[in-house]
Amino acid sequence: MAKELGIDPADTEGASRVAVGDKVLEDQVIARVDHGVFGGGVVELRSPVEGVVEFISNAYGRMLIRERQKEAQPPFVVNAAQKLDIPAWRLRWHTAVKEGDEVKQGQMLAADPYSVYASAVFSPVAGVVEKICSHTGEIHVRRPYRPVLLDAYIPGRVVEVIPEFGARIATTCGFIQGVFGLGFEAYGRLRVAVDSPEAVLDAAAITAHDRGSVLVGGSLVTLAALRRAIELQVAAIIVGGANNGDLVQVLGREIGVGITGQEELGLTLIMTEGFGRQPMARPAFDLLAQNAGRAVSVNGTTQIRAGAIRPEVIIPLDER
């Protein structure tokens, strides 16, 4: 939104004409700014889909709209043979797509440079080519509908189902809250990769067997260790501290202020103490060491403004 409207990301919520939870229609105005006569005038942003506003971020300058998809929605039918003025049985000779192909709105479906009336036919919507019929000369495009399989963030007991949104899960657990983190929800087997909370986690301590694991460091994770962990697809690292410059090099940009958790870092990072070399608090290190081998869940999302959110480590325990 910020880029489209030409505003600072921090002004995103103020420019919005809808709120989280609102239902919006396709082409409805969802944001508006007035830059004045000499600044370009009024700029409006319209919703590309019908759906529900799920999230507005002043940190990233974005709005997330969950599109409403109808499984029984009929396909869009394009009479390509008629538009190209060719016999229906010749349609497949001129198609640029095949059944099962995903197409974008406006993408060419078929073409005939020798046609009197049209040289090409384009898809009216984004979707999947469902059928090319040589009897009717039609191409059917259906907007994709795919069931979404979502893994539970933690093991436990479902205590509430929220229709069309999600569920609440309760678990008995050990809980550690960090100071700063990057990356969203992740989980894996816990392995303590250092022998003390003062030790530095370097690249040599990370092996190919750590793929999908949650590693525990001590006072610092080095730049080389971060790069090796990403290369080996480690799920997450829990450590006392990290150097801001190293994180910038890995991310390729400065860390955004306000809220984190959406970075494409390649893993989730949780710092229990802060930036720089800082030994992990002994109680936190001991709790993690005592539960080595367990499956744990972590979330690096951090919000430092109003309504503070801290990164977390959840160690599900067997209920007695």
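Relevant structure appears above.
Residues numbered from 1 in each chain as written. Predicted model: local features only at pLDDT ≥ 70, side-chain atom pairs only at ≥ 80, totals over all residues. Heavy atoms only, no water.

> So what's going on with a nonpolar patch on the surface? Residues and values would help.
A surface patch of nonpolar side chains, amounting to about 250 Å² of accessible area, comprises Val158, Val161 and Ile169. Within the secondary structure layout, Ile169 lies in strand 13 (residues 166-170). The exposure class assigned to Ile169 is partly exposed, which follows from its relative accessible area of 31%. (Patch = residues over 30% accessible without salt bridge, like charges linked within 9 Å, V, L, I, M, F, W, Y side chains within 5 Å. Areas by Shrake-Rupley, 256 points an atom, 1.4 Å probe, with all protein chains shown as cover. Salt bridge = Lys/Arg side-chain N within 4 Å of Asp/Glu carboxyl O. Helix = DSSP H or I, 4+ residues; strand = E, 2+ residues; numbered from the N terminus. Buried < 20%, exposed > 50% of the residue type's maximum accessible area, 1.4 Å probe, protein only.)

> Describe the environment of Arg62, and please don't skip the residues or the numbers.
With respect to the helices and strands, the residue Arg62 is situated in strand 5 (residues 62-67). Note on Arg62: relative accessible area 44%, which makes it partly exposed. In this view, Arg62 contacts Met1, Thr12, Phe55, Ile56, Ser57 and Gln262; residues no more than four positions away in its chain are not counted. (Contact = heavy atoms within 4.5 Å.)

> So what about the sheet that holds strand 14 (residues 173-177)? Which residues, and what values?
The eight strands lie next to each other as 14-23-22-16-18-20-21-15, forming an open sheet whose pairing is mixed. Whereas interior strands pair on both sides, the edge strands pair on one side only; in this sheet they are strand 14 and strand 15 (180-182). In this sheet, neighbouring strand axes are inclined to one another by 30° on average, regardless of whether the strands run parallel or antiparallel. Where strand 20 (residues 236-242) and strand 21 (residues 268-275) come together, six bridges link them in parallel fashion. Residue Ile237 lies in a different strand from strand 21, and its bridge partner there is Leu269. Where helix 7 (residues 282-290) meets the sheet, it contacts strand 14, strand 16 (185-192), strand 18 (214-216), strand 20 and strand 23 (312-316), and its direction lies at approximately 85° from that of strand 16. (Pairing = 2+ DSSP bridges. Axes fitted to C-alpha atoms, helices over the stretch in contact; angles between N-to-C directions.)

> Go over the sheet that holds strand 4 (residues 51-57) with me, naming the residues and quoting the values.
Judged by pairing direction, the sheet is antiparallel, and its three strands sit side by side in the order 1-4-5 without closing on themselves. In this open sheet, the two edge strands, each paired with only one partner strand, are strand 1 (23-24) and strand 5. In terms of strand pairing, strand 4 meets strand 5 through six bridges, oriented antiparallel. Bridge assignment links Ser57 to a residue of strand 5, and that residue is Arg62.

> Pulling in residues and values, what's your account of the side chain of Thr95?
Assignment of secondary structure puts Thr95 in the loop between helix 4 (91-94) and strand 7 (102-103). At a separation of 3.3 Å, a polar atom in the side chain of Thr95 contacts the main-chain carbonyl oxygen of Arg92. Discounting residues that sit within four places of it in the chain, Thr95 has contacts with Leu109, Ala110, Ile132 and Ile139. (Polar contact = N/O pair within 3.5 Å; in protein donor to acceptor, adjacent residues only side chain to side chain.)

> Which residues make up helix 7, and what are the values?
The set of residues buried in helix 7 consists of Ala284, Phe285 and Leu288. Axial view of helix 7: buried residues confined to an arc of 95°, hence all on one face. Set apart from the buried face of helix 7 by more than 90 degrees, the exposed residues are Pro283 and Gln290. Those residues of helix 7 that are buried are in contact with strand 14, strand 16, strand 18, strand 20 and strand 23. (Arc of directions from axis to C-beta.)

> Could you give me a rundown of the pattern of salt bridges, with the residues and numbers involved?
Applying the stated criterion to the full structure yields nine salt bridges. Of the charged contacts, one joins Arg66 and Glu54 as a salt bridge, the two residues approaching to 2.4 Å between their closest N and O atoms. In this pair, Arg66 sits in strand 5 while Glu54 sits in strand 4, placing the two residues 12 residues apart along the sequence. We classify Arg66 as partly exposed; its relative accessible area is 34%. Where Glu99 meets Arg92, a salt bridge forms, and the shortest distance between an N and an O atom there is 2.8 Å. For Arg92, a relative accessible area of 42% corresponds to the partly exposed category. When salt bridges that share partners are traced, they join Arg32, Glu44 and Arg46 into one network.

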